[in-house]
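What follows is each chain in one-letter form.
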Amino acid sequence: MKKKLIVSLHDGVAALSPENTLICHAPLERAGALCAGEAGIFCADGCGVIWRFERETLMPQSLGCGGPGICDLKLSACGARLFALLGEADCVLMSDAHTGSPLAVNRCGCNPKGMACGRDLLAVAGGESACVHLLHIHTLEHLGEIPMPGPVYSVAVCGNTICALCMSAQLHTILAVWRDTLIAILRLPGMPGCLHAEAENLYIAVHGGLYVYSLASGTLRYVCRMPGRASRLLVAMEQMVMYDPLSECVFAAFGGQICSGARDISMVMPC
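Residues numbered from 1 in each chain as written. Predicted model: local features only at pLDDT ≥ 70, side-chain atom pairs only at ≥ 80, totals over all residues. Heavy atoms only, no water.

**Q** When you look at the overall build of the protein chain in this model, what are you seeing that I'm missing?
**A** For the protein chain, the count of helices and strands is 0 helices and 28 strands. Against the 2.2 N^0.38 benchmark of 18 Å for 271 residues, the protein chain shows a C-alpha radius of gyration of 17 Å, consistent with a compact globule. Looking at the protein chain as a whole, 55% of its 271 residues are labelled buried. By sequence separation, contacts in the protein chain at least 24 residues apart represent 37% of the contacts at least 6 residues apart. Put simply, the protein chain shows about 11400 Å² of open surface, and 54% of that area lies on carbon and sulfur atoms. The protein chain carries 18 positive and 22 negative side-chain charges, and their two centres are separated by 4 Å. (Helix = DSSP H or I, 4+ residues; strand = E, 2+ residues; numbered from the N terminus. Rg over C-alpha atoms; globule rule 2.2 N^0.38 Å. Buried < 20%, exposed > 50% of the residue type's maximum accessible area, 1.4 Å probe, protein only. Contact = heavy atoms within 4.5 Å. Areas by Shrake-Rupley, 256 points an atom, 1.4 Å probe, with all protein chains shown as cover. Lys, Arg positive; Asp, Glu negative; His and termini not counted. Charge placed at Lys NZ, Arg CZ, Asp CG, Glu CD.)

**Q** Is there a simple way to think about the side chain of Arg52 in this case?
**A** Tracing the backbone shows Arg52 in strand E6 (residues 50-53). Despite its burial, Arg52 pairs with no opposite charge; the closest candidate is Asp96, at 7.5 Å N-O. Among the polar contacts made by the side chain of Arg52, one reaches the main-chain carbonyl oxygen of Ala39 at a distance of 3.2 Å. A polar atom in the side chain of Arg52 sits 3.1 Å from the backbone oxygen of His98. (Salt bridge = Lys/Arg side-chain N within 4 Å of Asp/Glu carboxyl O. Polar contact = N/O pair within 3.5 Å; in protein donor to acceptor, adjacent residues only side chain to side chain.)

**Q** Hey, could you run me through the layout of surface pockets in this one?
**A** To find leftover empty space, one rolls a probe the size of a water molecule over the atoms. A volume near 160 Å³ is recorded for the second largest pocket. Looking at the second largest pocket, the residues that line it are Gly118, Arg119, Asp120, Leu121, Val157, Gly159, Asn160, Ile162, Trp178 and Asp180. Residues of the lining of the second largest pocket, tallied by class, amount to 4 nonpolar, 3 polar and 3 charged. (1 Å grid on protein atoms, 1.4 Å probe; cavity = no way out; pocket = protein on both sides within 12 Å on 5 of 7 lines; lining within 4 Å. Points joined across faces, edges and corners; volume = space filled by probe spheres on them. Nonpolar A, V, L, I, M, F, W, Y, C, P; charged D, E, K, R; others polar.)

**Q** Looking at this structure, I do not really get the sheet that holds strand E5 (residues 40-44). What am I missing?
**A** Hydrogen bonding along the main chain pairs the strands of a sheet, whether they run parallel or antiparallel. Across the sheet, which stays open at both edges, the 4 strands sit in the order E4-E5-E6-E7 with antiparallel pairing between neighbours. Every other strand in the sheet has two partners, leaving strand E4 (34-37) and strand E7 (60-64) as the edge strands with one partner each. Strand after strand, the sheet turns through a mean of 20 degrees between neighbouring axes, direction not considered. (Pairing = 2+ DSSP bridges. Axes fitted to C-alpha atoms, helices over the stretch in contact; angles between N-to-C directions.)

**Q** I tried to follow the environment of Ala216 on my own but got confused; where do I start?
**A** Assignment of secondary structure puts Ala216 in the loop between strand E22 (209-214) and strand E23 (220-225). Spatially, the C-alpha atoms of Ala216 and Asn201 are 8.1 Å apart, while their sequence positions differ by 15 residues.

**Q** How should I be thinking about unusual backbone geometry in this particular structure?
**A** Keep in mind that most residues, glycine aside, have a negative phi and that most peptide bonds are trans. Positioned with a positive phi, Arg30 is a non-glycine residue whose angle comes to about 55 degrees. Accessibility expressed as a relative area gives 46% for Arg30, which makes it partly exposed. For Leu58, which is not a glycine, the phi torsion comes out positive at approximately 60 degrees. With respect to the element layout, Leu58 can be found in the loop between E6 and E7. Residue Leu58 is classed as buried on the basis of its relative accessible area of 2%.

**Q** Help me out: how do you make sense of empty space enclosed by the protein in this one?
**A** Taken as a whole and judged by the stated rule, the model has 1 cavity of 30 Å³ or more. Put simply, the largest cavity is a space of about 70 Å³. Residue lining of the largest cavity: 14 residues in total, with Phe42, Gly64, Leu82, Asp96 and Gly100 positioned closest to the centre. Counting residues per element, the lining of the largest cavity draws most heavily on E7, at 3 residues. Residue composition of the lining of the largest cavity, by class: 6 nonpolar, 6 polar and 2 charged.

**Q** Could you clarify how one ought to interpret the pairing of strand E16 (residues 152-158) in this entry?
**A** The element E16 is largely enclosed, with a buried count of 7 among its 7 residues. In terms of strand pairing, E16 meets strand E17 (residues 161-167) through 6 bridges, oriented antiparallel. Looking at E17, one finds that Ala156 is bridged to Cys163. Taking the residues between adjacent antiparallel strands as the criterion, E16 and E17 are bridged by 2 residues, where Gly159 takes a positive phi near 65 degrees.

**Q** I tried to follow the packing of aromatic side chains on my own but got confused; where do I start?
**A** The relation between two aromatic rings is expressed through the spacing of the ring centres and the mutual angle of the planes. Here the structure, examined in full by the defined rule, presents 2 aromatic pairs. Relative to Phe53, the ring of Trp51 lies with its centre 6.2 Å away and its plane at 10 degrees, an arrangement referred to as stacked. Aromatic pair Tyr211 and Tyr222: ring centres 5.2 Å apart, planes at 70 degrees, arrangement edge-to-face. On the criterion of sequence distance, the pair formed by Tyr211 in strand E22 and Tyr222 in strand E23 is long-range, its members being 11 residues apart. (Phe/Tyr/Trp six-rings, centres within 6.5 Å; stacked < 30°, edge-to-face > 60°.)

And the structure:
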């Protein structure tokens, strides 16, 4: 089954077909960070409230607790817990995905940038703290920190491997790969964008380009030039899709522009 692309826009949340045509639209002023799963589609608005929409019709279903500067939303693998990264408050909020009720909150980093869920942990790109912060996926208990070679902009969890995208003093990108200890550091031209893990491959977006790193072989290859500096990468509609916050545009990695005026992207499988 083909995955649908979900886009948050200045005026609402939209679902796009594989042909990039509008399927449905839900009005929401200053829609922002997105995530989607079996429990529904979640989107933060400009007031820091988290809305839950029905997956097929985008009908609003409930409102949940949020907070200032929500820059990322993630669902646990079981879909029962929703994590909201409050960049302006330097913390993570965990809520019940179905009711929106808050369950726990914990501090992490300085102006944190993003999150990734593992089986038992939540990894947070700690921003200016130059660490990846590890929290327990069920309790948000602080499990430790992994020092990184610069401010951390994105993080990915691939089994027992944690990858972080950092910025160097020269404003270029450093990829750090950690597995019990630091096993690889790769330097790439351009400012850091984001990471996306897909099977044994780690996709790396930097300013102006896309790379893929093989977690199995430890090899890196350049894939293509890409506009802007992606803050989100995903595979939807049988293609790699990126969101560039500089231009507020969504692009296909090997095609053209999909839409403009965007604030975030996610994907959902048909029911």
